[in-house]
Protein chains: 4
Amino acid sequence: MTDRLRIAVLGASGYTGADLVRLALTHPRVEITALVANAKAGQAMQAIWPHFAPYRALPTLVQADDVDWSGIDAVFGCLPHATSAELLSKIEGPRIIDLSADFRLKDAATYADWYGGAHPAPELLPQAVYGLTEFARAALPAASVVACPGCYPTAVLLALLPLVEAGAIAADRITVNALSGVSGSGRGLKEANLFAEVAEAVHPYGIGHHRHMPEMEQELALRAGRPVTISFTPHLVPMNRGELVTCVVELAGGLAEARTALATRYADEPFVHLLPEGVAPATRMVRGSNNTVINIFADRVPGRALVIAAIDNLVKGSSGQAIQNMNVAFGLPETLGLEAAPLFP
Amino acid sequence: MTDRLRIAVLGASGYTGADLVRLALTHPRVEITALVANAKAGQAMQAIWPHFAPYRALPTLVQADDVDWSGIDAVFGCLPHATSAELLSKIEGPRIIDLSADFRLKDAATYADWYGGAHPAPELLPQAVYGLTEFARAALPAASVVACPGCYPTAVLLALLPLVEAGAIAADRITVNALSGVSGSGRGLKEANLFAEVAEAVHPYGIGHHRHMPEMEQELALRAGRPVTISFTPHLVPMNRGELVTCVVELAGGLAEARTALATRYADEPFVHLLPEGVAPATRMVRGSNNTVINIFADRVPGRALVIAAIDNLVKGSSGQAIQNMNVAFGLPETLGLEAAPLFP
Amino acid sequence: MTDRLRIAVLGASGYTGADLVRLALTHPRVEITALVANAKAGQAMQAIWPHFAPYRALPTLVQADDVDWSGIDAVFGCLPHATSAELLSKIEGPRIIDLSADFRLKDAATYADWYGGAHPAPELLPQAVYGLTEFARAALPAASVVACPGCYPTAVLLALLPLVEAGAIAADRITVNALSGVSGSGRGLKEANLFAEVAEAVHPYGIGHHRHMPEMEQELALRAGRPVTISFTPHLVPMNRGELVTCVVELAGGLAEARTALATRYADEPFVHLLPEGVAPATRMVRGSNNTVINIFADRVPGRALVIAAIDNLVKGSSGQAIQNMNVAFGLPETLGLEAAPLFP
Amino acid sequence: MTDRLRIAVLGASGYTGADLVRLALTHPRVEITALVANAKAGQAMQAIWPHFAPYRALPTLVQADDVDWSGIDAVFGCLPHATSAELLSKIEGPRIIDLSADFRLKDAATYADWYGGAHPAPELLPQAVYGLTEFARAALPAASVVACPGCYPTAVLLALLPLVEAGAIAADRITVNALSGVSGSGRGLKEANLFAEVAEAVHPYGIGHHRHMPEMEQELALRAGRPVTISFTPHLVPMNRGELVTCVVELAGGLAEARTALATRYADEPFVHLLPEGVAPATRMVRGSNNTVINIFADRVPGRALVIAAIDNLVKGSSGQAIQNMNVAFGLPETLGLEAAPLFP
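This structure is a prediction, so every number in the text was calculated from the model and none was measured.

(A) The arrangement of the overall build of chain A in detail. Secondary structure assignment for chain A yields nine helices and 14 strands. In terms of C-alpha radius of gyration, chain A reaches 20 Å, essentially the compact-globule figure of 20 Å for 345 residues. Its C-alpha atoms give chain A principal-axis dimensions of about 60 × 45 × 40 Å. Burial statistics for chain A: of 345 residues in total, 66% are counted as buried. Considering only contacts within chain A whose residues lie at least 6 apart along the sequence, 69% involve residues at least 24 apart. If you sum the accessible surface of chain A, you get close to 10,500 Å²; carbon and sulfur atoms cover 52% of it.

Next comes the structure, spelled out in C-alpha cells:
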C-alpha cells in the first residue's frame, strides 16, 4: 500500500462524500484511510449507505478530532460552507481539496456578502487554487488548498472560458439558464426535496441571487480583464444527477470562430468533448462519468449564439473533479480512477 | 340533452384529443357526439385509452367521412399540422376550434417557411381568431375558426403581453428558456420519447429554430407595433405534464411598474394568477388544471427582469384552453368544465 | 349556501388533507368552513400549498380549539393515528369521517398491539362504521363515526371480498404483493422520502408486519366466518400517486365462476370497474380519480388465480373515498364531486 | 494488445449491447474488435449512442457477414431470441456468450412452446452451459456456448437455489412478485415504453405466462430433483434500471437454517451479498453495478418466509454477468472490469 495516497473524507455522510468514496474505492492509487462524519461517528458506512454493503473494508465513521492527520496525504472537504473552512483550517499536514464554497472566492468580503457571515479562515484564501482542472493544471501541483468549483460554475466556465479567452464573445450580456438534478441539494431533510414535491414537476430557485453567481463572475472577469455581471437562473428538475446549462451569448465575431475556439481548446482534453455540429448536449450522455459535453449553436437572434454544456453534477461537478484535481496535484495520470464510461440508460 | 353543445373531436387517439375528451366528459353543457381517428376507426376508446374503461357511453371511433357534420356544433382539431387544416377545410357546419398549428400564423408564406409546405387551406386564415382566450374574448363569439395557441406561446404570451402592452419592457431583447413535459410531443413512436431515453435526463431541442417562435413573434409584434425577434430554447424534462417558461427581459421602467401591469391585467382573470412577490412559479402548482401562475423578479443584471410562468401543457396549453375558447365562443360561462383544482402531489 | 354541508378538515397541512380540500373545492354541495392544522395555525393555505394560490376564498388555518364545532356538519380527520382519535373524541356535534387508522379495527387490543399504545378513544369504536363504501352503504347514513379504510385495504378488499363472499376463493392462503406511490407516506421529513432516495429505485418495506395487515384480515375474516392470516408485502415505487395490488389466491372452483362473482358484484358500481378479460390493471388508468380497476387472471400454477386491482392511493384510497362516504352518509348522490375522469398521461 | 481478448458484440445497437460495450471499454483485458448491428452497419457508435461521443476509438458498426471471425476470441449475442441463435450458429471460431433466451432451455420442445417456433440451432443446445456464474464455474472454462440467464431468473435463482439445495424450503409453492425497470424491454419502438405511458405509473405484464418461467422452473427442478411450477408476476416500474424479486416460500425447517444456508453459500462470493438481518434489499443498492443483494424475512403467515433480491437488470441481469462469465471461461480474475461500485443516488 505504500504507493497509495492516503485520503480522508470530511462529510462522508452526504451525497458528495459518498460519491467521492464510490470513486475512490476503485482508484488504483488511493487508500481510504479515514471517513469523518461528526454526527454519525461510530457507525459503519454501510449503516448510512446501504449501496456500500458489500464494501466491508471501508473504515468506520469517526469524528474529525479522532483522526491522526499526520498519516493523511489529502483531505477532501465535503461539508457545507463555513463548516468546511472552519474544520479544515484546524487540520495540519494533508493537502486540502475542498468541495464546499469556502475557498472559491478570492475576496473574503464578497464571501461575507453572499454566504451570510465572515469567512472562517481568510488566512487560507491566498493559498487556494480555483480547481477547474482544465484551467488550473499549472497551479495544482504546488497548491496546499484546492477549491473545487461549484457544479454550475464548472459547466458554465467550461462552456464559456475558451470563448472569452479567445475574444469570441462579449463577456457581459451573458444569460444562463441552468437545470439540475436533485442530488445537488444534498441529503438534508427539506420539504422541497421530498419525492412528492419534486417528481413530475419543475421550478426555478435562487432567482436573481444564487450563490454560484459571484464565483462565475470572478472567473469570467479574470479572463475578460474587467468586471462581469451575468443573468443566471437555475431550475430543479426531477432527476437524481445531471446538470445542463444553456448560455445565450453575444458573438464578437462569427459562429465559426467561436466553434474553433472551443474545438482548439478542448482538442486534447480527456474529459471535455465538443460534440459534432448540430448534436444537442444531454445529461444522459455523461451520467455517472467525469465527462463534459459541449456544443455551440446559432441563435435565431442575429449575432447571438447558444453555448450548451452538460455534466454529472456529482462527478465532474463535484467529486469526480476533486479526484481529477488530486491526480494532477500529486502527479498521477489525470484520468486515473475516472475512466468509467457514462451509465446510459 | 338539447341544451348541450354537440362536439366532435378529430384525432381522439392522441394525448391532446384524449385530454379534451377527459375534460368534455364532465362538462355540464357538452355532449361528445363523435370521436374521429381515421387509423383506429371501429375501435372503442377504451381499447386505446384504458383510463376511459369505465366510460362506456363514449362513442366508438369513426372516420371523418362517416360523421354527419350537420349535427355537430363544434369540431376540435387535435391532429398534427397540415393534416388538421386539410381535414377541417372539408367540413361544413360546425365551428372549428383547432389545436394544431395550422391557423395560428396569419401569413401563409411564414407558415410555408416554418412548416415545410404550402398551407393546405389558406382561404380559412383570414377568418381565424388567435385564441389566447384572455386576449381574444371580443373576437371569439363571431369566430368560425379558432386557432388555439401552441403550449409555449400560451405561457410566454400570458407572461409578456401585458408588459409589452403597458410599455413596461422592451419587446426585443427577449430571451426565453422553456421546460416541457413529454406529453407535448405526442403518442407517436419516436426513440427520443422512450422512457429510458427521457427519464433521469434533460436536454434542449429545436435549438434556434423551434416552430413556436414565429407564433410568439407575431403576437408580440402585433402589440409592439414593430417586428420582434426572440431567443427561445425549449428543453425536454422527465415529467408527463407541465411547462415553465423563464423570460429574461429588459425593463423600460421600474420593476414595480411592470409588476403592476401584470397585477392590473390579471386581477379578474379566473385562470391567470400573479403569485405573491418572491414566490417562484412551479409546474406542480397547475398540474391537471387550466390555471396559469406567473411572477416577476429582479435580475442581478441591472435593468433586467425575469418573468416566469407555469402551465399544464395539455390543459391551459392545449385542451383546456380549447374548451375555454368554446365556452366564450358559445356564450357559456368561461370557467365551465374547467374548475378542477390542480392535482398535487 | 344553506344547501351545502359545512365541513372541517383536521390536518389540512398533509397530503391527504390537501387532496380532500382539492376535491371539496368543486363539490357542489360542500362548503369548506374550517381548516385545522395546529402547527400552522394562522397561515393561509396558499402559504403551505402553492397549488391553491388562486383559491383565495379558502379559510385560514386555525387550531382545533378555535373552531365553533356547532356549525360544522362533518369533520374529516386527516391526521396521523392516535393524534386523530384523541382530537376527534373531544369534538361534539359534527359527524366524524376519519381517514386515520384509529377507528378501523374493532378490537382495541389489536389496535394496541399494532399501533404501539392504548387506543385514545375506545368508547367510540362501537359506533364506528368501516367505510369501504361499496360494502358499507346500509350502515353509513346512521353512522356517527366513519372509519375510512387504509389505502392498501381498500384495493385488496375491493379485489377479494366479492370472491370470499361468493365462496369462489379460499380466504386463507392469500398472498398480496403491493406497490404504492410515495404520497402515501406523507409530507413529513424523512430521509427515506427524499427524491434522490426514491427516484430510479424500488424497495419493499414493512416486511411481515405492515399495519394494514390486521385491517385486511379483520374484514376478510368477517366474510369468511373464521380467522384469516395473509401474506402482504408492500413496495415503494417512484411515483407520486397510485397503488396496485397483486393477489395470488387459491380458487375454490373455476376461474369463470370467480370472474362472474366480480362482474355481478360490481355491475352497477360507479367507482369499481372489472376490466375486459386479459387487460392488465394499471395505475395510469385511475390517476387522480376515485375509480378502481380490477381484473382476474389464471395463474400458471393450477388452481391459483391472480386478482389485481389499481387505485389512486390519495383518492379512492383516502380522500375520495372519504367524500364518497360523506355523500352516502348525508343522502347525497354518491358520485357528487367525484366525477372527474382520470388524468392520463 | 496481445494479452487482450478480442471480442465482438452482436446487437450493439440495443441497450444490452451498449451496456456490454460500456463495461468492456474499461476492462483491462478486453479489446473491442467488432461491433455488429446489421440495420445500422456503416454508422459510428456515436451516432447511435451519444454517451459514447468521447470514445472515438470504438469500431464502426458492421454487418455480421463482414466480420473476420477467425480473429475473435469471444462473441457476445445481444440480439432478440431466435435471431440470436440463427446468427450465432453460423459463426465459427469464437466462443459464444449469448445474452438472448436461445440457449437457456435444455429442451428444444419447451423452447418451441414458449418462444413460438422451432429452435433455430438445436444442435448447439447440448453444448450450452447455463451461465448463472455462481453456479456454473466448473463448467464455464470448457463451454463453447454460454447461455446467460434472463434478468428475472438471475435474481430469483440467486435468491432461491441455495435454499432448495439445502432443503430449507419447499421447491414448489413458490410465489414470486417481480419489479423491473424499463430498460429490460429494449430500445424498440413500442407505445408501452413511451415515457408518458410509463412515468408516474405501474402495471403488471406477462401475467401467468412470462417467458422467464420455464427457465426458472428448469433450474429449480434440477436442484429439487422433481418438476417445479411457480407463480411469477412481473411489473413494470418507472425507472431505467433495477430489478427486485419478492419470493414467498414455504420453509422446510426454521428461518434461521434458511438464513444460514444463504450466508454459507454466499460467504465468499464477490457479487452476491446477504444483507444484515432486517435490512430490506433495494435496487438503489446495486444500480450500475454487478452486485446482488439478498435478504430473508419471516412472513406473518407461520411457516412462510420472504426471500428478496435486487440486481441491476442490465448488469448482473445481463451484460455484467456476461462479462463475469467471460472472465471465468477464459481464466481471468472473475471480478475484472466489474469492480465499479453502485451509482447512488
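(B) Inspection of the sheet that holds strand 6 (residues 128-130) of chain B at higher detail. All names here are of chain B. With parallel pairing, the seven strands of this open sheet are ordered in space as 3-2-1-4-5-7-6. Each having just a single partner strand, strand 3 (61-62) and strand 6 make up the two edges of the open sheet. Sheet topology note: the strand 1 (residues 5-10)/strand 2 (residues 30-36) ladder contains six bridges and is parallel. Residue pairing in the sheet places Leu 5 in a bridge with Val 30 of strand 2.

(C) Structural context of the interface of chain A and chain B. On the chain B side, the residues contacting the 49 residues of chain A number 49 residues. Together chain A and chain B conceal approximately 4,100 Å² of surface at their shared face, both sides included; 56% is due to carbon and sulfur atoms. Contact with chain B buries area across many residues of chain A, yet Glu 200, Val 202 and Arg 300 of chain A alone supply 18% of it, more than any other trio. Linking chain A to chain B there are six salt bridges. Across the pair Glu 217 of chain A and Arg 300 of chain B runs a salt bridge, and its minimum N-O distance is 2.4 Å. Between chain A and chain B we count 22 residue pairs in polar contact (both at pLDDT 80 or more) in total. Of all the secondary structure elements, the ones that give two or more residues to the side of chain A that touches chain B are strand 8 (175-180), helix 6 (195-198), strand 9 (203-204), helix 7 (213-224), strand 10 (231-236), strand 11 (243-250), strand 13 (292-298) and strand 14 (304-311) of chain A.

(D) Representation of the packing of helix 5 (residues 151-165) of chain B against helix 7 (residues 213-224) of chain B. All names here are of chain B. Look at helix 5 against helix 7: their axes get within 10 Å of each other, and the N-to-C directions meet at 15°. By the angle between their directions, the pair helix 5 and helix 7 is classed as roughly parallel. Considering the relative orientation of helix 5 and helix 7, their crossing is right-handed. Here helix 5 contributes Pro 153, Val 156, Leu 157, Leu 160, Leu 161, Val 164 and Glu 165 to the contact with helix 7, which in turn contributes Glu 215, Met 216, Glu 219, Leu 220, Arg 223 and Ala 224. Taken together, the residues that form the contact of helix 5 with helix 7 break down as nine nonpolar, no polar and four charged.

(E) The arrangement of the pattern of salt bridges in detail. The final tally for this structure, using the stated rule, is 83 salt bridges over all chains. The partner of Arg 173 of chain A in a salt bridge is Glu 250 of chain B, with the nearest N and O atoms 3.1 Å apart. Pair noted here: Arg 173 of chain A is in the loop between helix 5 (151-165) and strand 8 and Glu 250 of chain B is in strand 11 (residues 243-250), and the two residues belong to different chains. With a relative accessible area of 35%, Arg 173 of chain A lands in the partly exposed category. With its nearest N and O atoms 3.3 Å apart, the salt bridge here joins Arg 187 of chain B to Glu 191 of chain D.

(F) Representation of the relation of the copies chain C and chain D in the model. Of the two same-sequence chains, chain C is brought onto chain D (RMSD 0.0 Å, axial shift 0.0 Å) by a rotation of 180°. In short, the pair behaves as if placed about a two-fold rotation axis. Both copies present the same face, since 100% of the interface residues in chain C are matched by interface residues at the equivalent positions in chain D.

(G) Representation of the pairing of strand 11 (residues 243-250) of chain D. Residue and element names in this part refer to chain D. Strand 11 sits mainly inside the fold: eight of its eight residues count as buried. Pairing of strand 8 (residues 175-180) with strand 11, which is carried by six bridges, proceeds in the antiparallel orientation. Pairing of Leu 179 across the sheet is with Leu 244, part of strand 11. Bridge count between strand 11 and strand 14 (residues 304-311): eight bridges; the pairing is antiparallel. For Val 248, the partnering residue across the bridge sits in strand 14 and is Leu 306.

(H) View of the state of the cysteines. Residue and element names in this part refer to chain C. Throughout the structure, instances matching the rule amount to zero disulfides over all chains. As a non-bridged cysteine, Cys 148 has Cys 78 as the owner of its nearest cysteine sulfur, 8.6 Å distant. Judged by relative accessible area, Cys 148 falls into the buried class, the value being 1%.

(I) Looking closely at the pairing of strand 14 of chain A. Residues and elements named next belong to chain A. Burial analysis of strand 14 places eight of its eight residues in the buried class, which makes it a mostly covered element. As paired strands, strand 13 and strand 14 are joined by six bridges and run antiparallel to one another. Directly across from Asn 295, in strand 14, lies its bridge partner Ile 308. Between strand 13 and strand 14, which pair antiparallel one after the other, the connecting turn spans five residues, and Gly 303 there sits at a positive phi close to 85°.

(J) Focus on the packing of helix 1 (residues 15-25) of chain D against helix 9 (residues 315-329) of chain D. All names here are of chain D. Running from N to C, helix 1 and helix 9 cross one another at 50°; their axes reach a closest spacing of 9 Å. It follows from the interaxial angle that helix 1 and helix 9 lie oblique. Here the hand of the crossing between helix 1 and helix 9 comes out right-handed. Counting all contacts with helix 1, which are made through Thr 16, Asp 19, Leu 20, Arg 22 and Leu 23, the residues of helix 9 involved are Val 315, Ser 318, Ser 319, Gly 320, Ala 322 and Ile 323. For the contact of helix 1 with helix 9, the per-class residue count stands at five nonpolar, four polar and two charged.

(K) Examining the interface of chain C and chain D more closely. Each side of the interface is counted separately: chain C has 49 residues, and chain D has 49 residues. Summing both sides of the interface, chain C and chain D together bury roughly 4,100 Å²; the carbon and sulfur share of this comes to 56%. It is Glu 200, Val 202 and Arg 300 of chain C that lose the most area in chain C upon contact with chain D, and together they represent 18% of the buried surface on that side. Put simply, chain C and chain D have six salt bridges between them. Summed over the shared surface of chain C and chain D, the result is 22 residue pairs in polar contact (both at pLDDT 80 or more). Those elements giving two or more residues to the side of chain C that touches chain D turn out to be strand 8 (175-180), helix 6 (195-198), strand 9 (203-204), helix 7 (213-224), strand 10 (231-236), strand 11 (243-250), strand 13 (292-298) and strand 14 (304-311) of chain C. When the residues that make up the side of chain C that touches chain D are grouped by side-chain class, the tally is 27 nonpolar, eleven polar and eleven charged.

(L) Main features of the sheet that holds strand 13 (residues 292-298) of chain B. Residue and element names in this part refer to chain B. Read across the open sheet, the seven strands follow the order 9-10-8-11-14-13-12; overall the sheet is mixed. Since the sheet does not close on itself, it has two edges, and those belong to strand 9 (203-204) and strand 12 (272-274), each with one partner. Where strand 9 meets strand 10 (residues 231-236), two bridges bridge the pair, whose relative direction is antiparallel. Each bridged residue has a counterpart across the sheet, and for Pro 204 the counterpart in strand 10 is His 235.

(M) Looking closely at unusual backbone geometry. A cis amide bond links Phe 344 of chain B with the next residue in sequence, Pro 345 of chain B, at an omega value of 0°. Its place among the elements puts Pro 345 of chain B in the segment after helix 9 (315-329). The residue Ala 82 of chain A is not glycine, and still its phi comes out positive at about 75°.

Conventions used here
Residues numbered from 1 in each chain as written. Chains lettered and ligands numbered in written order. Predicted model: local features only at pLDDT ≥ 70, side-chain atom pairs only at ≥ 80, totals over all residues. Heavy atoms only, no water. Helix = DSSP H or I, 4+ residues; strand = E, 2+ residues; numbered from the N terminus. Rg over C-alpha atoms; globule rule 2.2 N^0.38 Å. Buried < 20%, exposed > 50% of the residue type's maximum accessible area, 1.4 Å probe, protein only. Contact = heavy atoms within 4.5 Å. Areas by Shrake-Rupley, 256 points an atom, 1.4 Å probe, with all protein chains shown as cover. Pairing = 2+ DSSP bridges. Buried area = accessible area lost by both parts, 1.4 Å probe. Salt bridge = Lys/Arg side-chain N within 4 Å of Asp/Glu carboxyl O. Polar contact = N/O pair within 3.5 Å; in protein donor to acceptor, adjacent residues only side chain to side chain. Axes fitted to C-alpha atoms, helices over the stretch in contact; angles between N-to-C directions. Parallel < 35°, antiparallel > 145°, perpendicular 65-115°, else oblique. Left-handed = near helix turned anticlockwise from the far one by under 90°. Nonpolar A, V, L, I, M, F, W, Y, C, P; charged D, E, K, R; others polar. Least-squares fit on C-alpha atoms with pLDDT ≥ 70 in both. Disulfide = S-S within 2.5 Å.

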